[in-house]
Amino acid sequence: MCWTYEDFKKAILELTGIDLSSYKEKQMKRRIDSLIRRNGYEGYQPYYRALVEDKKKLDQFLNYITINVSEFFRNPGQWAILEKEILPDLLERYGNLKIWSAACSTGEEPYSLVMLLAKFLPLERIRILATDIDREALDKARAGIYDARSLQSVPQELVNRYFKPFNGFFAIDSRIKACVDFKRHDLLNDPFPDNCHLILCRNVMIYFTEEAKVKIYGKLHDALHQDGVLFVGSTEQIIIPQKYKFQPFKPFFYKRM
Ligand SMILES: C[S@@+](CC[C@H](N)C(=O)[O-])C[C@H]1O[C@@H](n2cnc3c(N)ncnc32)[C@H](O)[C@@H]1O
């Protein structure tokens, strides 16, 4: 009998630990169906077999379904609020900050954060935990090589200071790289860090079901320090933040209550 999407989801969960049921079904199924067609497989089961037999294909599949689009200082207006209002306040109150960039993709987000923090602190005092479910994205993040398009919102002064041309691309300064610890982490399954003064969780919640979102917001709340701040993506405002004990603070920023 032909496999249904349900069968495929179950098999992927067993094989990788990734629970496709927590992602919006219509969107995810459409992407997977089109990938299977493009690769010339006749349905879920033969495609799954190919993933089991070929690690490279499996990595490509995971990389494809996770959607890694990112850029430095994505939505610059929100980064201006972070720089002018959030960071000075947190730094004044706590000095050393524990910061987590969750679902950091290929590293643009945590590296942007280091460049901002470097306006306030010496690089030796900056440490950021940056995590993502996708190992290929994390490898790219560690390599720190970017095309010109992802740098379009980086102020020229920072480009001059922290990037070097590299074979038609731009390589980020190793002193910036040294401030970030990249680790694999699944927001749906893995334990969250605690006592974070600032968490960035941007442009990933849009892919999850309502049920998964509720779980993750609860865990993000618990991961924050009292008065810690959560920075979300530009289409990810939390509808009733009080439900998760978050207090709206600035647009796209919430405080732990
Ligand atoms: C669109 S990118 C967002 C990158 C960055 N935060 C930004 O706003 O530019 C979404 C990222 O979420 C990651 N992701 C998807 N599901 C995840 C999960 N369950 N746990 C952790 N990361 C996940 C993907 O691998 C991808 O890198």
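Residues numbered from 1 in each chain as written. Predicted model: local features only at pLDDT ≥ 70, side-chain atom pairs only at ≥ 80, totals over all residues. Heavy atoms only, no water.

A. Quick look at the overall build of the protein. Across its full length, the protein holds ten helices and ten strands. Its C-alpha atoms give the protein a radius of gyration of 19 Å, within 12% of the compact-globule value 18 Å for 257 residues. For the protein, the spread of C-alpha atoms along the three principal axes comes to 65 × 50 × 25 Å. Scored against the burial criterion, the 257 residues of the protein give a buried share of 51%. Expressed as a percentage of contacts within the protein between residues at least 6 apart in sequence, the contacts between residues at least 24 apart total 73%. Of the roughly 12,900 Å² that the protein leaves accessible, carbon and sulfur atoms contribute 52%. The averaged location of the 34 negative side-chain charges in the protein is 2 Å from the averaged location of its 39 positive side-chain charges. (Helix = DSSP H or I, 4+ residues; strand = E, 2+ residues; numbered from the N terminus. Rg over C-alpha atoms; globule rule 2.2 N^0.38 Å. Buried < 20%, exposed > 50% of the residue type's maximum accessible area, 1.4 Å probe, protein only. Contact = heavy atoms within 4.5 Å. Areas by Shrake-Rupley, 256 points an atom, 1.4 Å probe, with all protein chains shown as cover. Lys, Arg positive; Asp, Glu negative; His and termini not counted. Charge placed at Lys NZ, Arg CZ, Asp CG, Glu CD.)

B. Inspection of the site of the ligand at higher detail. Taken together, the neighbourhood of the ligand is formed by 22 residues, with Y23, S70, R74, D132 and N203 sitting nearest. Between the ligand and E109, the relevant distance is 2.9 Å, taken from a nitrogen atom to a side-chain nitrogen or oxygen of the residue. Taking D132, its side chain carries an N or O atom lying 2.6 Å from an oxygen atom of the ligand. Contact with the protein chains hides 99% of the accessible area of the ligand, taken as 600 Å² for the molecule alone. Of the residues in the shell around the ligand, the class split is ten nonpolar, six polar and six charged. (Near = heavy atom within 4 Å. Polar contact = N/O pair within 3.5 Å; in protein donor to acceptor, adjacent residues only side chain to side chain. Nonpolar A, V, L, I, M, F, W, Y, C, P; charged D, E, K, R; others polar.)

C. Seen up close, the pattern of salt bridges. Inspection of the entire model under this criterion finds 16 salt bridges. The partner of D181 in a salt bridge is R127, and the shortest N-O contact between them spans 3.4 Å. With a gap of 54 residues between them, D181 in strand β6 (residues 180-184) and R127 in the loop between α6 (108-117) and β2 (128-132) connect regions that are remote in the sequence. Classification of D181 as partly exposed rests on a relative accessible area of 35%. Beyond isolated ion pairs, a larger network of salt bridges with shared partners links E6, K9 and E25. (Salt bridge = Lys/Arg side-chain N within 4 Å of Asp/Glu carboxyl O.)

D. Seen up close, the domain arrangement of the protein. Looking at the protein, the domain boundaries give domain 1 (5-66) and domain 2 (76-256). Computed over C-alpha atoms, the centres of domain 1 and domain 2 are 28 Å apart. Summed over both sides, the interface between domain 1 and domain 2 buries roughly 1,100 Å², with carbon and sulfur atoms accounting for 49% of that surface. Among the residues domain 1 hides against domain 2, the three largest losses belong to S22, Y23 and K24. Together they make up 44% of the total. (Domains from an automatic or database assignment. Buried area = accessible area lost by both parts, 1.4 Å probe.)

E. Seen up close, the sheet that holds strand β3 (residues 145-146). Spatial ordering of the open sheet is given by β3-β5-β4, a layout of three strands whose pairing is antiparallel. If you trace the sheet from one side to the other, it starts and ends with β3 and β4 (163-166), each paired once. Relative to strand β5 (residues 169-172), β3 is paired through two bridges, and the arrangement is antiparallel. Opposite I145, over in β5, you have A171 as the bridge partner. (Pairing = 2+ DSSP bridges.)

F. Broad picture of the nonpolar core. Counting residues in hydrophobic clusters, the biggest one holds 89 residues, and the most contacted among them are F8 and F61. The biggest single contributor to this core is helix α5 (residues 76-94), with seven residues. Of the domains in this structure, domain 1 (5-66) and domain 2 (76-256) are the two that each give at least three residues to this core. (Core = buried A, V, L, I, M, F, W, Y, C linked by side-chain atoms within 4.5 Å.)

G. Looking closely at a nonpolar patch on the surface. On the surface, I145, F166 and F169 cluster together into a nonpolar patch covering about 260 Å² of accessible area. Mapped onto the elements of the fold, F169 is located in strand β5. Assessed through its relative accessible area of 40%, F169 is described here as partly exposed. (Patch = residues over 30% accessible without salt bridge, like charges linked within 9 Å, V, L, I, M, F, W, Y side chains within 5 Å.)

H. Up close: the packing of aromatic side chains. Under the definition given, this model contains 18 aromatic pairs. Consider the rings of Y47 and F61, whose centres lie 5.8 Å apart with planes at 75°: the pair is edge-to-face. Note that Y47 is positioned in helix α3 (residues 44-53) and F61 in helix α4 (residues 55-66), a separation of 14 residues in sequence. When sorted by exposure, Y47 lands in the same class as F61, which is buried. Note that R31 overlies the ring of Y64, its terminal NZ or CZ placed 4.3 Å from the centroid. The ring of F249 carries the charged tip of K255 above its face, separated from the ring centre by 4.4 Å. (Phe/Tyr/Trp six-rings, centres within 6.5 Å; stacked < 30°, edge-to-face > 60°. Lys NZ or Arg CZ within 6 Å of the ring centre and 35° of its normal.)

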